[in-house]
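An overview of the molecular structure
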Amino acid sequence: MRNSYVESDKQYVLHPYTNLSAHQTLDPFIITHGEGIYVWDDKGNKLIEGMSGLWCASLGFSEQRLTEAATRQMQKLPYSHLFSHRSTEPAIELSEKLVSIAPDNMARAFLVNSGSEAVDMAIKMVWYYNNALGRPKKKKIIARKRAYHGITVAAGSLTGLPYVQDGFDLPAIPVMHTATPHYYREGLPGESEDDYSTRLATILETEIQAEDPDTIAAFIAEPIMGAGGVIVPPAGYFEKIQAVLKKHDILLICDEVICGFARTGEMFGSTTFNAQPDLMTVAKQLSSAYLPIGGVLLTEAVYEAMQKGSDQYGMFGTGNTYGGHPVAAAVAVETLNIYQERDIVNHVKGLSGQFQAGLERLAEHPLVGQGRGAGLIGALEIVRNKETKEQYPAGDKVAAQIANFARNHNLILRPTPGDSVALCPPLIIDDKELALVFDRLEAALNDMHQLLV
Ligand SMILES: Cc1ncc(COP(=O)(O)O)c(C=O)c1O
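These numbers come from a predicted model, not from an experiment.

Right, let's get into the packing of helix H10 (residues 193-211) against helix H11 (residues 237-247). Between H10 and H11, whose axes approach to 8 Å, the crossing angle comes to 20°. When the axes of H10 and H11 are compared, the pair comes out roughly parallel. Judged by the twist between their axes, the crossing of H10 over H11 is right-handed. Contacts between H10 and H11 involve Asp194, Ser197, Thr198, Leu200, Ala201, Leu204, Glu205 and Ile208 on the former and, on the latter, Tyr237, Lys240, Ile241, Val244, Leu245 and Lys247. In terms of residue class, the contact of H10 with H11 is made up of eight nonpolar, two polar and four charged.

Below, the structure is given as structure tokens:
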């Protein structure tokens, strides 16, 4: 490898989600290659990618079939688009396949290039839908505190994490942020999960009434909140929230960008948590991250109103140059084929017992207040006092330090807001590899504990 990569990185690369000053003193963590669930850094360390990159590389880093699918399509037709009635075979196949594996009420697919674009497009669709129905006032979107929906102007507005909005003049669209459904932190003494969900639904009802239901278009939710700290909804949450939304004719958008494609032990997180969305956003594991692609799935009812709108306005006037790119679509089709052939849903279901047991075991560790998760996504919430749930000062960045220790043990983890450490390994992981993940995570917790006592 050429010697100058580190210096050139510091000189030329503007890194996302990075303190730009610190980057001048810290060397970049350069990943050079990968195989299975492992990646190698430029120093020759072989690490378990315990976060699947950014919750996305579901089939790991050496799936030959995806490489071949991309090559085949690149040789056949490297580019065409979907504007003005044009189409391509991979985009057609992918849309059909997505609808066929999605919950029954999903009827159409609109292809984009990323999760943020999918969220932006879903919001545009909701606005378009209400305009077509003659309800121009019904435009506000309800999101949740600690939600992550991406970075574009609309998606970044819906995201409920200050570090994504600070300095960017966000939110810039009409959005309200309602409560995070975090039972461990927000549940009252003696309150059951179900009662907590009832309370959240009541809060939502009050907020909607205060804002005027006729001005609220949609509620957007990740089935499990990922980047905000892997927050698993309490029992009954989506049923109760959705009853309130239905009453006020407010659409539900499920942001499946992380949860989609077996992550939670069902093909979609909406199914795991009994949500019946009107629109769904997908990306990441859709192509196992091998190429950028995302999509919005919608019901026939939403589609029909949009069709009416397109007559009214002359066309459905939106689309990206690369939306439904044939090479990315071909890779996504192959990814979905692999999920089906290898029965990835049952593979995840089969391992989720071991995964949850691992989280529960580590919840006994003196530094851990709660272990939570579903399928193959989870987190440990770090506390100073297990009884009172008191946390370390945010400035101590304990979760970040644990992630650093984990890296010394060749495991990549992610610290999240709320001082939690997230885990989201490639779905192809096996039981022996999963045991290794928990051994390394425990070693990192022990290192941190030693430093603190
Ligand atoms: C739930 C969710 N929605 C949307 C996004 C944005 O996706 P992208 O980074 O592809 O724009 C993310 C990214 O992490 C996400 O986790």
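Picking up where we left off.
Neighbouring residues of the ligand: Ser114, Gly115, Ser116, Tyr148, His149, Gly150, Glu222, Asp255, Val257, Ile258 and Lys284. For the ligand, an oxygen atom lies 2.6 Å from a polar atom in the side chain of Ser116. Contact distances for the ligand include 2.8 Å between an oxygen atom and a side-chain N or O atom of Lys284. Within the complex, 83% of the 390 Å² of free accessible area of the ligand lies under protein. Partitioning the shell around the ligand into residue classes produces three nonpolar, five polar and three charged.

On to the domain arrangement of the protein, then. Once the domains are mapped, the protein shows domain 1 (5-62 + 344-452) and domain 2 (66-341). Spacing between the C-alpha centres of domain 1 and domain 2 amounts to 26 Å. Residue-level contacts link 39 residues of domain 1 with 35 residues of domain 2. Both faces combined, the contact of domain 1 with domain 2 buries some 2,900 Å², and carbon together with sulfur accounts for 60% of it. When the buried surface of domain 1 facing domain 2 is broken down by residue, Tyr17, Trp55 and Leu59 rank first, second and third, together holding 21% of it. Linking domain 1 with domain 2 are two salt bridges, by the criterion used here. Residue Arg185 pairs with Glu381 through a salt bridge whose shortest N-O separation is 2.6 Å. Linking domain 1 with domain 2 are 19 residue pairs in polar contact (both at pLDDT 80 or more), by the criterion used here. Among the secondary structure elements, those contributing two or more residues to the side of domain 1 that touches domain 2 are helix H3 (52-55), helix H15 (344-362), strand E11 (368-374), strand E12 (377-382), strand E13 (414-416) and strand E14 (420-423). Among the elements that take part in the side of domain 1 that touches domain 2, E11 stands out by supplying five residues, more than any other. Grouping the amino acids of the side of domain 1 that touches domain 2 by side-chain chemistry returns 21 nonpolar, 13 polar and five charged.

Glancing now at the sheet that holds E14. Paired through backbone hydrogen bonds, the strands of a sheet run either parallel or antiparallel to each other. The four strands lie next to each other as E11-E12-E14-E13, forming an open sheet whose pairing is antiparallel. At either margin of the open sheet sits one strand with a lone partner, and together these are E11 and E13. With direction set aside, neighbouring strand axes in the sheet form an average angle of 25°. With three bridges joining them, E13 and E14 adopt antiparallel strand pairing. Across the sheet, Arg414 pairs through a bridge with Ala422, a residue of E14.

On the basis of which strands lie adjacent, the open sheet formed by seven strands has the order E4-E10-E9-E8-E7-E5-E6 and mixed pairing. Lying at the two open borders of the sheet, with one neighbouring strand each, are strand E4 (106-112) and strand E6 (175-178). Between one strand and the next, the sheet's axes are offset by a mean angle of 20°, whatever the strand orientation. Here strand E5 (residues 140-144) pairs with E6 via four bridges, running parallel. For Arg144, the partnering residue across the bridge sits in E6 and is Thr178. Along the sheet, helix H5 (residues 89-101) makes contact with E4 and strand E10 (294-299), crossing E4 at roughly 135°. On top of the sheet, H10 reaches E5, E6 and strand E7 (216-221); it is set at about 155° to E6, its chief contact.

Here the focus is the nonpolar core. A general trend in soluble globular proteins is that nonpolar side chains are found buried together. Residues Trp55, Leu94, Phe219, Phe261, Leu286, Ile382 and Ile402 are the most contacted members of the largest nonpolar core, which totals 97 residues. When residues in this core are grouped by element, the largest group, nine residues, is from helix H14 (residues 326-341). Domain assignment of the residues forming this core places at least three in each of domain 1 (5-62 + 344-452) and domain 2 (66-341). Excluding anything up to four places from it in sequence, Leu286 contacts Leu94, Leu98, Phe261, Ile293, Gly294, Ala332, Thr335 and Leu336. Among the nonpolar cores identified, the runner-up in size contains 29 residues, and Ile123, Ile173, Val175 and Ala218 belong to it.

Definitions and cut-offs
- Residues numbered from 1 in each chain as written.
- Predicted model: local features only at pLDDT ≥ 70, side-chain atom pairs only at ≥ 80, totals over all residues.
- Heavy atoms only, no water.
- Axes fitted to C-alpha atoms, helices over the stretch in contact; angles between N-to-C directions.
- Helix = DSSP H or I, 4+ residues; strand = E, 2+ residues; numbered from the N terminus.
- Parallel < 35°, antiparallel > 145°, perpendicular 65-115°, else oblique.
- Left-handed = near helix turned anticlockwise from the far one by under 90°.
- Contact = heavy atoms within 4.5 Å.
- Nonpolar A, V, L, I, M, F, W, Y, C, P; charged D, E, K, R; others polar.
- Near = heavy atom within 4 Å.
- Polar contact = N/O pair within 3.5 Å; in protein donor to acceptor, adjacent residues only side chain to side chain.
- Areas by Shrake-Rupley, 256 points an atom, 1.4 Å probe, with all protein chains shown as cover.
- Domains from an automatic or database assignment.
- Buried area = accessible area lost by both parts, 1.4 Å probe.
- Salt bridge = Lys/Arg side-chain N within 4 Å of Asp/Glu carboxyl O.
- Pairing = 2+ DSSP bridges.
- Core = buried A, V, L, I, M, F, W, Y, C linked by side-chain atoms within 4.5 Å.
- Buried < 20%, exposed > 50% of the residue type's maximum accessible area, 1.4 Å probe, protein only.

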